[in-house]
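# Examination of the molecular architecture
Here's the letter readout for the chains.
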Amino acid sequence: MFPDTTTESLDKVKITLPSGFEGQVNLLLISFEPEQSNQIESWMPEAQALQHMNFQFRYYKMPVSNQENMIFRWWDNSSLRSVETDPETWHWIVPLYVNKQQFRQSLEIQGEKQAVAVLVDKGGQVLWKASGSITDDKKTALIAAVAAATLH
């Protein structure tokens with residue numbers, strides 16, 4: 001289950017999760033280290049295509065850091081905005097400042113060595129999960145999981 005948390009997207013909109021997820025199904029592209037951005041970016045063409053074709057689907061980039069003070073959060077979010085220069089994307093980038101170990105346990109994520117793609121429903125229930133960069137097999141499995149979750 002996605003743990004209850006309140007945070008802000010990069011466009012400074014307060015969001016309470018999981019209830020604030022905008023899709024019926026939501027792909028969470030979770031990273032634990034800046035070096036995992038290439039793994040996250042490998043998922044973007046498929047995430048964007050799914051969002052374009054399926055109005056019940058949304059994706060979010062979620063860099064995860066330990067709980068930090070407000071000054072660190074401001075600096076970190078400002079740094080993310082300087083990397084993600086298109087303000088249109090900021091709403092879909094939701095940095096999380098949480099107890100990383102508890103967060104990983106909630107989503108049954110083994111470690112922080114790879115980025116993780118997690119498909120959740122509106123209530124935060126995990127429907128599908130994969131780690132690392134996208135592959136053809138992961139892409140096929142993701143498309144099938146989204147289709148199954150949006151049939152109802």
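Refer to the structure above for everything that follows.
Residues numbered from 1 in each chain as written. Predicted model: local features only at pLDDT ≥ 70, side-chain atom pairs only at ≥ 80, totals over all residues. Heavy atoms only, no water.

Taken as a whole, the largest pocket holds about 450 Å³ of empty space. Taken together, 19 residues line the largest pocket, and the ones lying closest to its centre are Ser 31, Pro 34, Ser 37, Pro 63 and Leu 80. Going through the elements one at a time, β3 (25-31), α1 (37-53), β4 (57-65) and α2 (70-83) are the ones with two or more residues in the lining of the largest pocket. Top contributing element to the lining of the largest pocket by residue count: β4, with five residues. Broken down by class, the residue content of the lining of the largest pocket amounts to ten nonpolar, four polar and five charged. (1 Å grid on protein atoms, 1.4 Å probe; cavity = no way out; pocket = protein on both sides within 12 Å on 5 of 7 lines; lining within 4 Å. Points joined across faces, edges and corners; volume = space filled by probe spheres on them. Helix = DSSP H or I, 4+ residues; strand = E, 2+ residues; numbered from the N terminus. Nonpolar A, V, L, I, M, F, W, Y, C, P; charged D, E, K, R; others polar.)

For the rest of this paragraph, the subject is the side chain of Ser 65. Along the polypeptide, Ser 65 turns up in strand β4. A relative accessible area of 18% means that Ser 65 is categorised as buried. Look past the residues within four positions of Ser 65 in its chain and what remains in contact with it is Asp 76, Leu 96, Tyr 97, Val 98 and Lys 100. (Buried < 20%, exposed > 50% of the residue type's maximum accessible area, 1.4 Å probe, protein only. Contact = heavy atoms within 4.5 Å.)

This brings us to α1. Taking 1.5 Å per residue, 17 residues should reach 24 Å; α1 reaches 25 Å between its end C-alpha atoms and fits that length. The largest bend in α1 amounts to roughly 35° and is located at Met 44, with the proline Pro 45 lying one to four residues further along. Along α1, the positions that sit buried rather than exposed are Gln 39, Ile 40, Trp 43, Met 44, Glu 46, Ala 47, Leu 50 and Gln 51. Elements that come into contact with the buried residues of α1 comprise β3, β4, β6 (116-121), β7 (126-131) and α4 (136-150). (Expected span 1.5 Å × (residues − 1). Bend = angle between axes of the 7 residues up to and from the residue.)

It is worth spelling out the packing of aromatic side chains at this point. Enumeration over the complete set of coordinates arrives at five aromatic pairs. Measuring from centroid to centroid gives 5.7 Å for Phe 2 and Phe 103, while their planes differ by 85°, and the two rings are edge-to-face. With a gap of 101 residues between them, Phe 2 in the segment before β1 (5-8) and Phe 103 in helix α3 (residues 100-107) connect regions that are remote in the sequence. Looking at Phe 2, the relative accessible area reads 3%, which means it is buried. Through pairs of rings, three or more aromatic residues link up here, namely Phe 2, Phe 21, Tyr 60, Trp 92 and Phe 103. (Phe/Tyr/Trp six-rings, centres within 6.5 Å; stacked < 30°, edge-to-face > 60°.)

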